[in-house]
Amino acid sequence: MSFSRTNAIAAANSFSSPLNLKDGGILTITGTWSGTINVQRQATDGNWYDVTNNTGAAQNLTANGTYAIAPFGVNANYRWGFKTGNYTSGTATGILEGR
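Being a predicted model, the structure only gives us computed values, none of them experimental.

Draft legend 1. The pattern of salt bridges, seen in detail. Scanning the entire structure with this criterion turns up one salt bridge. Between D50 and K83 there is a salt bridge, with its nearest N and O atoms 2.8 Å apart. Here K83 lies in the loop between β9 (76–82) and β10 (87–98) and D50 lies in strand β6 (residues 48–50), a separation of 33 residues in the sequence. When its relative accessible area of 23% is taken as the criterion, D50 is described as partly exposed.

Draft legend 2. A look at the nonpolar core. Counting 17 residues, the largest nonpolar core has L27, I29, I37 and W80 as its most contacted members. Elements represented by at least two residues in this core include exactly β3 (19–21), β4 (25–35), β5 (37–42), β9 and β10. Ranked by residue count, the leading element in this core is β9, at four residues. Setting aside its immediate chain neighbours within four residues, I37 contacts I29, Q59, N60, L61, W80, G81, F82 and A92.

Draft legend 3. Seen up close, the side chain of Q40. The topology assignment puts Q40 in strand β5. Reaching out from Q40, the side chain makes a polar contact with the side chain of R79 at a distance of 2.8 Å. Every residue in contact with Q40, bar those within four places of it in the chain, is listed here: F15, W48, Y49, D50, V51, N77, Y78, R79 and K83.

Draft legend 4. Summary view of the packing of aromatic side chains. In this structure the tally under the stated criterion is two aromatic pairs. Relative to F82, the ring of W33 lies with its centre 5.8 Å away and its plane at 65°, an arrangement referred to as edge-to-face. Remark: F82 occurs in strand β9 and W33 occurs in strand β4; sequence separation between them is 49 residues. Pair check on accessibility: W33 and F82 agree, each one buried. Ring geometry for F82 versus Y87: centroids 5.1 Å apart, planes at 70°, classification edge-to-face. On the basis of relative accessible area, Y87 is assigned to the partly exposed category, the value being 24%. Through pairs of rings, three or more aromatic residues link up here, namely W33, F82 and Y87. Stacked on the ring of F15, the Lys or Arg R79 has its end atom at 3.9 Å from the ring centre.

The rules behind each value
For every chain, the first residue of its written sequence is number 1, and the numbers climb from 1 along that sequence. Local features in this predicted model are restricted to residues of pLDDT 70 or higher, and side-chain atom pairs are both shown and tallied only at a pLDDT of 80 or more, whereas totals for entire chains, interfaces and linings draw on every residue. Computation of side-chain values: all heavy atoms of the structure, hydrogens and water removed. Salt-bridge detection follows one rule: a side-chain nitrogen of Lys or Arg within 4 Å of a carboxyl oxygen of Asp or Glu. Each helix corresponds to a stretch of at least 4 residues labelled H or I by DSSP, and each strand to a stretch of at least 2 residues labelled E; elements are numbered beginning at the N terminus. Residue exposure (1.4 Å probe, protein chains only): buried if accessible area is under 20% of the type maximum, exposed if over 50%, otherwise partly exposed. We call a set of buried Ala, Val, Leu, Ile, Met, Phe, Trp, Tyr and Cys residues a nonpolar core when their side-chain atoms join them within 4.5 Å. In this analysis, two residues are considered to be in contact whenever any of their non-hydrogen atoms come within 4.5 Å of each other. Any N or O atom pair separated by 3.5 Å or less is treated as a polar contact, with the protein-specific requirement of one donor-capable and one acceptor-capable atom, and with residues adjacent in sequence counted only for side-chain atom pairs. We call Phe, Tyr and Trp rings a pair once their centres come within 6.5 Å, taking the six-membered ring for Trp, and we label the pair stacked below 30 degrees between planes, edge-to-face above 60, and tilted otherwise. Two conditions define a charge sitting above a ring: the NZ of Lys or the CZ of Arg must be within 6 Å of the ring centre, and it must be within 35 degrees of the ring normal.

Rendered as structure tokens:
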């Protein structure tokens, strides 16, 4: 069974509604926008932290596309959006899907 949440974001320091992912997920970004989107995971301490790739770099998105959300098997809330200073213009629409 899969589930999803769609959000449109058009401002700095704005994030999607969180979605609990148990076995990874997919984020599809569309729209006409400029900036850097960050994917974040909520830790057990309640704070949000940037999701990193296998090399430890933050998962920063600068173009429309479909992106895998990992690591798989980490049951946590995930969100995406523009951190302060990372939004330039337009509206990014994202569909965050999980299993």
